[in-house]
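The chain contents come next:
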Amino acid sequence: MGVYDYHRPDEKPRELGYVPLCPGAPEVTRENPCKAYVTVRADFTADGALIPLSITWEDGRVYPIDRVLDVQRMASRKTGGAGIRYLCRVLGQSVELYYEENGHWFVCRREEEI
């Protein structure tokens, strides 16, 4: 099994707890329903910093990022992922947005969405 083989949902067995998210993206399981992979529109600054501008949720709703409050390398204890955490202000609320080294963005779902 290669490094990127887990991205192929057609080769993943249809076992209990498997929920396909979208083609080419890591899967969400019942053991980890808090992790939501999202589409992010972002820009690079002149000095090479990556700045997220908006988040597109699974159902297509787009949320503009009002402000990036903090950027640091960190692991998400709730979802189990790691990468660069962008603490953002979206519609007046703080949102932890993570950029993984494999190029995927994810956020932690709220408890009522699970």
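This structure is a prediction, so every number in the text was calculated from the model and none was measured.

A. Seen up close, the pairing of strand 9 (residues 105-108). Relative to strand 9, strand 3 (residues 35-44) is paired through four bridges, and the arrangement is antiparallel. Note on strand 9: the bridge partner recorded for Val38 is Trp105. Relative to strand 9, strand 8 (residues 93-99) is paired through three bridges, and the arrangement is antiparallel. If you follow Leu97 over to strand 9, its bridge partner there is Val107. The turn joining strand 8 and strand 9, which pair antiparallel and follow one another in sequence, is formed by five residues; a positive phi near 90 degrees is taken by Gly103.

B. Representation of the side chain of Ser54 in the model. Mapped onto the secondary structure, Ser54 falls in strand 4 (residues 50-56). When its relative accessible area of 6% is taken as the criterion, Ser54 is described as buried.

C. Looking closely at the pairing of strand 8. Direction of pairing for strand 7 (residues 82-90) relative to strand 8: antiparallel, over a ladder of seven bridges. Looking across to strand 8, one finds that Ile84 is bridged to Tyr99. Counting the residues in the hairpin turn of strand 7 and strand 8 gives two residues, including Leu91, whose phi is positive at 50 degrees.

D. Structural context of the pattern of salt bridges. On inspection of all chains with the given rule, the structure shows five salt bridges. A salt bridge links Asp70 to Arg85, with the nearest nitrogen and oxygen atoms 2.9 Å apart. With a gap of 15 residues between them, Asp70 in strand 6 (residues 67-75) and Arg85 in strand 7 connect regions that are remote in the sequence. Using a relative accessible area of 27% as the deciding quantity, one classes Asp70 as partly exposed. Measuring nitrogen to oxygen at the nearest pair gives 3.5 Å for the salt bridge that ties Arg85 to Glu96. Here Glu96 lies in strand 8 and Arg85 lies in strand 7, a separation of 11 residues in the sequence. Under the relative-accessibility criterion, Glu96 is labelled partly exposed at 32%. When salt bridges that share partners are traced, they join Asp70, Arg85 and Glu96 into one network.

About the thresholds
Residues numbered from 1 in each chain as written. Predicted model: local features only at pLDDT ≥ 70, side-chain atom pairs only at ≥ 80, totals over all residues. Heavy atoms only, no water. Pairing = 2+ DSSP bridges. Helix = DSSP H or I, 4+ residues; strand = E, 2+ residues; numbered from the N terminus. Buried < 20%, exposed > 50% of the residue type's maximum accessible area, 1.4 Å probe, protein only. Salt bridge = Lys/Arg side-chain N within 4 Å of Asp/Glu carboxyl O.

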